[in-house]
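# A look at the structure
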There are 2 protein chains.
Amino acid sequence: MDFLKKKIRDEGVILSDSVLKVDSFLNHQIDPVLMQEIGKEFARLFQHEKITKVLTIESSGIAPGLMTALQLGVPVVFARKRMSLTLAGDLLTASIYSFTKQETNEISVSQKYVTPDDRVLIIDDFLANGQAALGLAEIVQKAGATVVGFGIVIEKSFQKGSELLRSRGFRVESLARIGSLEKGKVQFIEESEVVNA
Amino acid sequence: MDFLKKKIRDEGVILSDSVLKVDSFLNHQIDPVLMQEIGKEFARLFQHEKITKVLTIESSGIAPGLMTALQLGVPVVFARKRMSLTLAGDLLTASIYSFTKQETNEISVSQKYVTPDDRVLIIDDFLANGQAALGLAEIVQKAGATVVGFGIVIEKSFQKGSELLRSRGFRVESLARIGSLEKGKVQFIEESEVVNA
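Residues numbered from 1 in each chain as written. Chains lettered and ligands numbered in written order. Predicted model: local features only at pLDDT ≥ 70, side-chain atom pairs only at ≥ 80, totals over all residues. Heavy atoms only, no water.

### Considering helix α1 (residues 2–11) of chain A
Residues and elements named next belong to chain A. When we look at burial in α1, the residues that qualify are Leu-4, Lys-5, Lys-7 and Ile-8. Each buried residue of α1 lies within a common arc of 155° when the element is viewed along its axis, so the set occupies one face. Those residues of α1 that are exposed and angled more than 90 degrees off the buried face are Asp-2 and Asp-10. (Buried < 20%, exposed > 50% of the residue type's maximum accessible area, 1.4 Å probe, protein only. Helix = DSSP H or I, 4+ residues; strand = E, 2+ residues; numbered from the N terminus. Arc of directions from axis to C-beta.)

### Things to note about the sheet that holds strand β9 (residues 146–156) of chain A
Pairing between the strands of a sheet comes from backbone hydrogen bonds, and it takes one of two forms, parallel or antiparallel. One open sheet holds the seven strands; their spatial order is β11(A)-β10(A)-β9(A)-β8(A)-β4(A)-β5(A)-β3(B), and the pairing between them is mixed. A strand with exactly one partner marks an edge of an open sheet, and here the two such strands are β11 (187–188) of chain A together with β3 (29–30) of chain B. Relative to strand β8 (residues 119–127) of chain A, strand β4 (residues 53–57) of chain A runs parallel, the two sharing three bridges. Paired with A:Val54 across the bridge in β8(A) is A:Leu121. (Pairing = 2+ DSSP bridges.)

### Structural notes on the sheet that holds strand β11 (residues 187–188) of chain B
As summarised here, the arrangement of the seven strands in space is β3(A)-β5(B)-β4(B)-β8(B)-β9(B)-β10(B)-β11(B), forming an open sheet in which the pairing is mixed. Strands with a single pairing partner mark the edges of an open sheet, and in this sheet they are β3 (29–30) of chain A together with β11 of chain B. In this structure, strand β10 (residues 172–180) of chain B lies alongside β11(B), joined through two bridges in antiparallel fashion. Looking across to β11(B), one finds that B:Ser180 is bridged to B:Gln187. Contacts between helix α1 (residues 2–11) of chain B and the sheet are confined to β9 (146–156), β10 and β11 of chain B, with β10(B) contributing the most and set at about 35° to the helix. (Contact = heavy atoms within 4.5 Å. Axes fitted to C-alpha atoms, helices over the stretch in contact; angles between N-to-C directions.)

### Here's the deal with the layout of surface pockets
Its boundaries defined by the atoms lining it, the largest pocket holds a volume of some 1000 Å³. Of all elements in the fold, only β2 (20–21), β6 (91–98), β8 and α4 (131–142) of chain A reach the threshold of two or more residues within the lining of the largest pocket. Residues of the lining of the largest pocket, tallied by class, amount to 13 nonpolar, 15 polar and 15 charged. The calculated volume of the second largest pocket comes to roughly 840 Å³. Elements represented by at least two residues in the lining of the second largest pocket include exactly β2 (20–21), β6 (91–98), β8 (119–127) and α4 (131–142) of chain B. Per-element tally for the lining of the second largest pocket: the top contributor is β8(B), with four residues. (1 Å grid on protein atoms, 1.4 Å probe; cavity = no way out; pocket = protein on both sides within 12 Å on 5 of 7 lines; lining within 4 Å. Points joined across faces, edges and corners; volume = space filled by probe spheres on them. Nonpolar A, V, L, I, M, F, W, Y, C, P; charged D, E, K, R; others polar.)

### Remarks on the relation of the copies chain A and chain B
Rotating chain A by 180° about the axis while translating it 0.0 Å along that axis superimposes it on chain B, leaving an RMSD of 0.0 Å. Taken together, the rotation angle and the small translation identify this as a two-fold axis. Across chain A, the smallest distance between a C-alpha and the rotation axis is recorded for A:Ser59, namely 2.8 Å. Taken as a fraction of all interface residues of chain A, those also at the interface in chain B reach 100%, which identifies the copy contact as same-surface. (Least-squares fit on C-alpha atoms with pLDDT ≥ 70 in both.)

### Observations regarding the nonpolar core
If you look at the biggest cluster of nonpolar residues, it comprises 70 residues, and the most contacted ones within it are A:Ile8, A:Met35, B:Ile8, B:Leu20, B:Met35 and B:Ile154. Not counting chain neighbours up to four residues away, the residues in contact with B:Met35 comprise A:Leu66, B:Phe25, B:Leu26, B:Ile30, B:Ala63, B:Pro64 and B:Met67. (Core = buried A, V, L, I, M, F, W, Y, C linked by side-chain atoms within 4.5 Å.)

### Things to note about the pattern of salt bridges
Taken as a whole and assessed by the stated rule, the structure comprises 30 salt bridges over all chains. Among the salt bridges present, the one from A:Glu49 reaches A:Arg171, with a minimum N-O distance of 3.5 Å. Of this pair, A:Glu49 sits in the loop between α2 (32–45) and β4 while A:Arg171 sits in the loop between α5 (161–167) and β10 (172–180), placing them 122 residues apart in sequence. A relative accessible area of 22% means that A:Glu49 is categorised as partly exposed. Residue classification places A:Arg171 among the partly exposed positions, given a relative accessible area of 28%. Where B:Lys142 meets B:Glu138, a salt bridge forms, and the shortest distance between an N and an O atom there is 3.2 Å. Taken together, the residues B:Lys142 and B:Glu138, both in helix α4 and four residues apart, mark about one turn of the helix. Under the relative-accessibility criterion, B:Glu138 is labelled partly exposed at 33%. Each of A:Glu49, A:Arg119, A:Arg171 and A:Glu173 takes part in salt bridges that share partners, so that together they form one network. (Salt bridge = Lys/Arg side-chain N within 4 Å of Asp/Glu carboxyl O.)

### Let's talk about the UniProt feature "binding site: 5-phospho-alpha-D-ribose 1-diphosphate" (unreviewed entry) in chain A
Residues and elements named next belong to chain A. In this numbering, the UniProt entry assigns the feature "binding site: 5-phospho-alpha-D-ribose 1-diphosphate" (unreviewed entry) to Ala-128, Asn-129, Gly-130, Gln-131 and Ala-132. From the set just named, the residues that line the largest pocket comprise Ala-128, Asn-129, Gly-130, Gln-131 and Ala-132. Within the secondary structure, Ala-128 sits in the loop between β8 and α4. Tracing the chain through its elements places Gln-131 in helix α4. Ignoring any residue separated from it by four or fewer positions in sequence, one finds Gln-131 in contact with Ile-96, Tyr-97, Phe-99, Lys-160 and Leu-164. (UniProt positions renumbered as here; feature names shortened; annotations may be inferred.)

Right, here's the structure in full:
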């Protein structure tokens, strides 16, 4: 995704060696055309997987999750971090720790919307330590459904999430893989370009 | 929006005389094709308004907001209910009370993403008492920008939000207007059909 990498290079703000802020197109302001391209790319990558549902987590996963679901022709479900009074009934839950926010959240999905027949593609904006991703996988597994894989917009490959998911046998497709944010510079891992060259 | 009304009739769950749960296609699981149609309809309704930005609020406003922004060819910004550590800087804020959740939230938008030149369309999933809508309008006005109007997916016309916004001179376009949820039945206000008949 050269378009995405260009956006990250041009608009990303490096707050520390581990924190990249992409508020101008992904986490606060959203670029809808970029999200559409991201949706098309995830749909292409997972096109043979007979996906029946996209699962993501509020709030920043919703935009890429929705666009992927639109392209795949399936519904998207977003896990909630806090319960609303109207989201009652039987819930599938998992506990996840956010290193960014320094807090543990219970995330939940209604049992009605992930069922044993489902083949689920999990979409998220960032993959860092993998806690949210594992929590979402746990929910799918509690439902008796199948995790087809993970579609990640930005992977911080220098943190442990990517290895953690791959070591458990999950397929992980990340559209931008960042090897380092050191010295205030975004260094991408360009392995696919190398393979294709 | 007959497609939307049919969805509400078929899948909406009436929890009380004032609470309608539409978790199967809008607030938890999302129907991407319906969202695309909603986006097209808002873009059509506001096509002459020279909109430069869509503003919505996490989480359930993001899907219809994103699809509307895609159709209009502008970015969408979602107001946050809780600050993340990476969303620092100058914030525009408003306090809103949620009758559903029975709590007051500070909502905020980075000053960078709503600027005095902006002509802003505010999109939200529900209009009930109008507190979120007024909070979003307050943020736009604090930025010195212009509120072009409100695009609401489901208006509960029996609550005071709709009248409150219209009495302040705001244009409000609601795709489904519910006159009553009494006796466990959704009654739509069908004024446009009457006018067109």
